[in-house]
Amino acid sequence: QPSRRRRLPHHPPPTRLLATFVLRLTSMPDLTTATDEAKAKRRMEIEAKLSDLRLQQAKETEQKAAFFGEHAGITCDGCGVAIIGYRYKCKDCSNHDVCENCYDTHLSGRVNNSLGKQVISNKVEDHRFALHKDKGFTPLVKKAPGLTEAKSARVKPNDPCSCGSNKKFKKCCGAGKAA
């Protein structure tokens, strides 16, 4: 009886296999530069978004500083304390003002009305608050030196006239104006 040999599948010799692998690697496009370019592009997008966010936060801080102060004669409808700091006024109610603490409570889903002087809705959906200041407002935060508005330059009497006549302002265009 002939011996039954199992035939083994034909495998190429290891040196040939290695040569095929090296050939395939060298013929592939350079993926590292493509991924580096994609990473650099993504990094630039993130940096642009971050700089925009920082600019927006700086603007919001500057705007909020204009509303931080003492609001004379205004008491919080939530806690009854005179409002010093931020004043939030409801856009939907005729006369509903809250302080910053009561506004934070509103954001968490509750409406404070401990005074009971006026009838207001206890539903959070019925109120839309916005920062507010009026004539009696006194700011507590001073603006930074770079954030102040530039004053217009005042023309002094002995300055050269702006019309180009090479005369002093007081002898030319400012002659009719009383000092």
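Here, the structure is the one placed above.
These lines cover the structure that appears in this document, whether it is placed above or below. The residue count restarts for each chain, going from 1 along the sequence in the order it is written. Given that this is a predicted model, residues contribute local features only at a pLDDT of at least 70 and side-chain atom pairs are listed and counted only at 80 or more, while totals for whole chains, interfaces and linings are drawn from all residues. Excluded from the side-chain calculation are hydrogens and water; included are all heavy atoms of the structure.

## Re empty space enclosed by the protein
Here a cavity means grid points, on a 1 Å grid over the protein atoms only, where a 1.4 Å probe fits yet cannot get out; a pocket means an open set of points with protein on both sides within 12 Å along at least five of seven lines; lining residues are those with an atom within 4 Å of a point. Grid points are joined across faces, edges and corners, and a volume is the space filled by probe spheres set on the points. Enumeration over the complete set of coordinates arrives at 1 cavity of 30 Å³ or more. By volume, the largest cavity is sized at about 40 Å³. Contributing to the lining of the largest cavity are His96, Val98, Cys102, His106, Arg110, Val111, Asn112 and Phe129. For the lining of the largest cavity, the residue count by class is 4 nonpolar, 3 polar and 1 charged. Each residue receives one of three labels: charged for Asp, Glu, Lys and Arg, nonpolar for Ala, Val, Leu, Ile, Met, Phe, Trp, Tyr, Cys and Pro, and polar for the others, Gly being one of them.

## Some words on the environment of Leu131
In DSSP terms, a helix is any run of H or I states spanning at least four residues, a strand is any run of E spanning at least two, and both are numbered starting from the N terminus. With respect to the helices, strands and loops of the structure, Leu131 is situated in strand E5 (residues 129–131). Sequence separation of Leu131 and Lys64 is 67 residues, and the distance between their C-alpha atoms is 8.1 Å. In what follows, residue pairs with any heavy atoms lying within 4.5 Å of each other are defined as contacts. Here Leu131 is in contact with Lys64, Phe67, Tyr86, Arg87 and Tyr88, once residues within four sequence places are set aside.

## Describing the sheet that holds strand E2 (residues 82–85)
Reading across the sheet, the 3 strands line up as E2-E1-E6 and stay open at both edges, with antiparallel pairing between neighbours. Two strands close off the open sheet at either side, each with one partner strand: E2 and strand E6 (137–139). When strand polarity is set aside, the average angle formed by the axes of neighbouring strands in this sheet is 20°. Pairing of strand E1 (residues 69–75) with E2 involves 3 bridges; the strand directions are antiparallel. A pair of strands is considered paired only if DSSP assigns at least 2 bridges between the two. Axis definition: a line fit to C-alpha positions, over the contact stretch in the case of helices; interaxial angles, taken between N-to-C directions, run 0 to 180 degrees.

## Overview of the pairing of E1
Hairpin geometry of E1 and E2 is characterised by an intervening segment of 6 residues between the two adjacent antiparallel strands and by a positive phi of about 85° at Gly80. Note: E1 against E6, 3 bridges, orientation antiparallel. For Gly69, the partnering residue across the bridge sits in E6 and is Pro139.

## Re unusual backbone geometry
For Asn166, which is not glycine, the phi torsion reads 65° and is therefore positive. Secondary-structure assignment places Asn166 in the segment after E6.

## Describing the nonpolar core
Put simply, buried Ala, Val, Leu, Ile, Met, Phe, Trp, Tyr and Cys residues joined by side-chain atoms within 4.5 Å make one nonpolar core. Residue exposure (1.4 Å probe, protein chains only): buried if accessible area is under 20% of the type maximum, exposed if over 50%, otherwise partly exposed. Within the largest apolar cluster, 11 residues are counted, these being Ile74, Cys76, Ile83, Tyr86, Tyr88, Cys90, Val98, Cys99, Cys102, Tyr103 and Phe129. With near-sequence residues (within four places) excluded, Cys90 lies in contact with His96, Asp126, His127, Arg128 and Phe129.

## Examining the packing of aromatic side chains
For any pair of aromatic rings, the description consists of the separation of the ring centres together with the inter-plane angle of the planes. The criterion for an aromatic pair is that two Phe, Tyr or Trp rings (for Trp, the six-membered ring) have centres within 6.5 Å, with stacked assigned to planes under 30 degrees apart, edge-to-face to planes over 60 apart and tilted to the rest. Enumeration over the complete set of coordinates arrives at 3 aromatic pairs. Where Phe68 meets Tyr86, the ring centres are 5.0 Å apart and the plane angle is 70°; that geometry is what we call edge-to-face. Note that Phe68 is positioned in the loop between helix H2 (31–65) and E1 and Tyr86 in the loop between E2 and strand E3 (88–90), a separation of 18 residues in sequence. Ring plane angle 90° and centroid distance 6.1 Å describe the contact between Tyr103 and Phe129, whose orientation is recorded as edge-to-face. Placement of Tyr103 in helix H3 (residues 100–107) and of Phe129 in strand E5 is noted, with a sequence separation of 26 residues between them. For the pair formed by Tyr103 and Phe129, the shared burial category is buried. Clustering of aromatic rings is evident, with ring pairs tying together Tyr88, Tyr103 and Phe129.

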